[in-house]
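Examination of the molecular architecture
Single-letter residue listing:
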Amino acid sequence: MPPRTSEPAAALRPLLPSPLQPLEDDRFSRYGVRLLLKRDDLIHPDLPGNKWRKLAPNLRAAAGRPVLTFGGAYSNHLRATAAAGRLLDFRTIGVVRGDELATRPLNPSLTRCAADGMRLLFVDRTTYRAKDDPEVLSRILEQAATDDVYVVPEGGSNALAATGCAELGRELRGLTDVAAVACGTGGTFAGLAAGLDDGQRAVGFPVLRGGFLAGTVRTLQDEAFGGPVGDWFLDGRFHFGGYARTTPELDRFAADFRARHGLPVEGVYVAKLLYGLVELTAEGAFAPGTTVAAVVTGHEDGSSPAGAG
């Protein structure tokens, strides 16, 4: 295994900046819009996309200490954290939503976490919802029985993560008018918007219902950058029922995109991002001559079935 290091980039050798690929698609070109794919899914095979960008600064802060973090049964964040622990030789603890899962066979995603050395700690859903309460977190840490642990929030989104994702925006300076990304916990979007240059705009497509994400993004930007940064807006119309949920229409869209371009489309985030961009373009949201960069944050591996989350 690689030695422990305070600089994960040195050991994991990510592909940065990630490739920026033009894509010819008549659903954009007929309106005079140029589409680019920002292939963050190619950054690292085990820590693709925003998982790398959010985890790297947190792993520097952890400096080899055990990392405890949170996620659902199909959490890509848990899998990425477990993989980082294996690659960089530090202990990981995953707090999993749903104590009923403790007595069931592990699904493929949690099996992968365990194989990478992650200790899985299953908690009831009431406790999980209250995990940000200091008293509840203290009880979880007692249950984990791990000294000097470094805590990373669900989805990896905190101020450090937002600063890491700001580099994504900086990589797109001068190359696009609009940068778009699907949003879960908000850290990637908060950083992306902050890293863009004047005159560029960030568009986010929440994959969860509830309309809470704008407040979360503002809080993350306050904590990371001292206040609101960048020109950004969220369009909450394309969650298709919520996290990891889909519809036949979205499934057809993803299959068609793959057939057109030979690119498998990850269903939890990327399919909703691309669908939203097609719709916004048809609605005239982007003036002719606009270049739009769609951030591909993950790759399709079949680990997150519909209805999970």
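For the structure, see preceding data.
These remarks concern the structure in this document.

Moving on: the overall build of the chain. Looking only at helices and strands, the chain has 12 helices and 10 strands in total. Based on the C-alpha atoms only, the size of the chain along its principal axes is roughly 60 × 40 × 35 Å. Counting only residues that meet the buried cut, the chain has 54% of its 309 residues in that class. Sequence-distant contacts in the chain: of pairs separated by 6 or more residues, those separated by 24 or more amount to 74%. Roughly 13,100 Å² of accessible area belongs to the chain as shown, and the carbon and sulfur atoms make up 50% of that amount. Between the mean site of the 34 positive side-chain charges and the mean site of the 36 negative ones, the chain shows a separation of 3 Å.

Before going further, it helps to examine the nonpolar core. By size, the foremost hydrophobic cluster in this structure holds 34 residues, and its most contacted members are F205, L274 and L277. If you list the elements that add at least two residues to this core, you get β2 (34-38), β7 (178-183), β8 (201-206), α11 (248-261), α12 (270-282) and β10 (291-295). It is α12 that provides the largest number of residues to this core, a total of eight residues. Residues V181, L192, L196 and L213 belong to the second largest nonpolar core, which totals 19 residues.

This part is about the packing of aromatic side chains. Both the distance between ring centres and the angle between the ring planes are used here to describe each pair of aromatic rings. Applying the stated rule across the entire model yields eight aromatic pairs. Between Y243 and Y269, the aromatic rings sit 6.1 Å apart at their centres with planes inclined by 65 degrees, giving edge-to-face as the arrangement. Linking Y243 in the loop between β9 (232-234) and α11 with Y269 in the loop between α11 and α12, this pair joins segments that are 26 residues apart in sequence. Among the aromatic side chains, those forming a connected cluster through ring pairs are F205, F238, F240, F253, F257 and Y275. One residue, R97, lies across the ring of Y128, its end atom 5.3 Å from the ring centre.

Looking at the secondary structure, you find G215 in helix α10 (residues 213-225). Residues G215 and V136 lie 79 residues apart in sequence; the distance between their C-alpha atoms is 23 Å.

Counted under the stated rule, the structure contains 22 salt bridges. Here R260 and D25 are joined by a salt bridge, their closest N and O atoms 3.7 Å apart. Within this pair, whereas R260 is found in helix α11, its partner D25 is found in the loop between β1 (20-23) and α2 (26-29), the two being separated by 235 residues in sequence. Where D116 meets R112, a salt bridge forms, and the shortest distance between an N and an O atom there is 3.9 Å. Assessed through its relative accessible area of 11%, D116 is described here as buried. Salt bridges sharing partners connect three or more residues here, namely D25, D26, R27, R30, D256 and R260.

A relative accessible area of 3% means that D25 is categorised as buried. In this structure the side chain of D25 is engaged in a polar contact, spanning 2.8 Å, whose partner is the side chain of R27. The contacts of D25, once residues within four sequence positions are left out, are F257, R260 and H261.

Basis of the calculations
Residues numbered from 1 in each chain as written. Predicted model: local features only at pLDDT ≥ 70, side-chain atom pairs only at ≥ 80, totals over all residues. Heavy atoms only, no water. Helix = DSSP H or I, 4+ residues; strand = E, 2+ residues; numbered from the N terminus. Buried < 20%, exposed > 50% of the residue type's maximum accessible area, 1.4 Å probe, protein only. Contact = heavy atoms within 4.5 Å. Areas by Shrake-Rupley, 256 points an atom, 1.4 Å probe, with all protein chains shown as cover. Lys, Arg positive; Asp, Glu negative; His and termini not counted. Charge placed at Lys NZ, Arg CZ, Asp CG, Glu CD. Core = buried A, V, L, I, M, F, W, Y, C linked by side-chain atoms within 4.5 Å. Phe/Tyr/Trp six-rings, centres within 6.5 Å; stacked < 30°, edge-to-face > 60°. Lys NZ or Arg CZ within 6 Å of the ring centre and 35° of its normal. Salt bridge = Lys/Arg side-chain N within 4 Å of Asp/Glu carboxyl O. Polar contact = N/O pair within 3.5 Å; in protein donor to acceptor, adjacent residues only side chain to side chain.

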